[in-house]
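# Summary of structural features
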Amino acid sequence: MSIVYPLLSVIHVFSAVVWAGWALSFFYFVNPAIQQAGQAGPAVMQRLMGGPVLKVLAIVPLLVVLSGLILYWFYTGQLNTAIILSWSGLAMTIGALAGIAAFAEGLLITGPTAHKMQTLGAEMAQAGGPPSKDKLAQMGQLQARMESAVARGTYFLIVAVIGMALGG
Ligand code: HEM
């Protein structure tokens, strides 16, 4: 236990900073700049997504949730109700639930939608010429789903950070 808790804390906080830092920066700064960049926007987005970001995002949220669950077990004195129901325990629990919701959102919606967008984009590029109305409509639907999923995920992460700060 003596070395386990500090080690898990470092893994947890470090990976949480990478995940939440990326999500908030992307949502509030990077994506708006790409949207405003006009024709250059899609190329920059493709470069960004073709880099290490998706690989990092496949690992880091998992590290946060797994280390978080173990920390939570210790933090609450092995799920002691009195600790969970204290003010800081409640803040931590709400933060943890929001973090798990952000993780589920990424796993079930953002990740698969990004994958579908990549596949459709590759199909459109391979077909050459202007894309069909049908494909453009499909891409538009995927983009709309992605935008709302990214927004929800970011809000969950903000709640998680506030909960962790108040409960930690
Ligand atoms: C998903 C986004 C998450 C972020 C950004 C995040 C961030 C943080 C940060 C910055 C701390 C240090 C707080 C402090 O010491 O003041 C912390 C602590 C902690 N986190 Fe998270 N966390 C997340 C998810 C989770 C989840 C899902 C759980 C549990 C299931 C969890 C459980 C804990 C526990 C128990 C601590 C307290 C460690 C201690 O103070 O000894 N976290 N978290």
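Look up: the structure comes first, before these words.
As the structure is a computational prediction, the values presented were derived from the model and not from experiment. (Residues numbered from 1 in each chain as written. Predicted model: local features only at pLDDT ≥ 70, side-chain atom pairs only at ≥ 80, totals over all residues.)

This paragraph deals with helix α1 (residues 4-36). Over its 33 residues, α1 runs 46 Å from end to end, which matches the ideal 48 Å to within 8%, given 1.5 Å per residue. The largest bend along α1 reaches roughly 50° and is located at Phe26. Among the residues of α1, those classed as buried are His12, Ser15, Ala16, Trp19, Ala20 and Ala23. (Helix = DSSP H or I, 4+ residues; strand = E, 2+ residues; numbered from the N terminus. Expected span 1.5 Å × (residues − 1). Bend = angle between axes of the 7 residues up to and from the residue. Buried ≥ 20, exposed ≤ 12 C-beta atoms within 10 Å, placed from the backbone.)

Attention now goes to the environment of Leu63. Residue placement: Leu63 occurs in helix α3 (residues 53-75). The class of Leu63 is partly exposed, set by 17 C-beta atoms lying within 10 Å. With 27 residues separating them in the primary sequence, Leu63 and Leu90 have C-alpha atoms 22 Å apart. Ignoring any residue separated from it by four or fewer positions in sequence, one finds Leu63 in contact with Ile11 and Ser15. (Contact = placed C-beta atoms within 7 Å.)

Everything listed is a geometric property; what it means functionally is a separate question.
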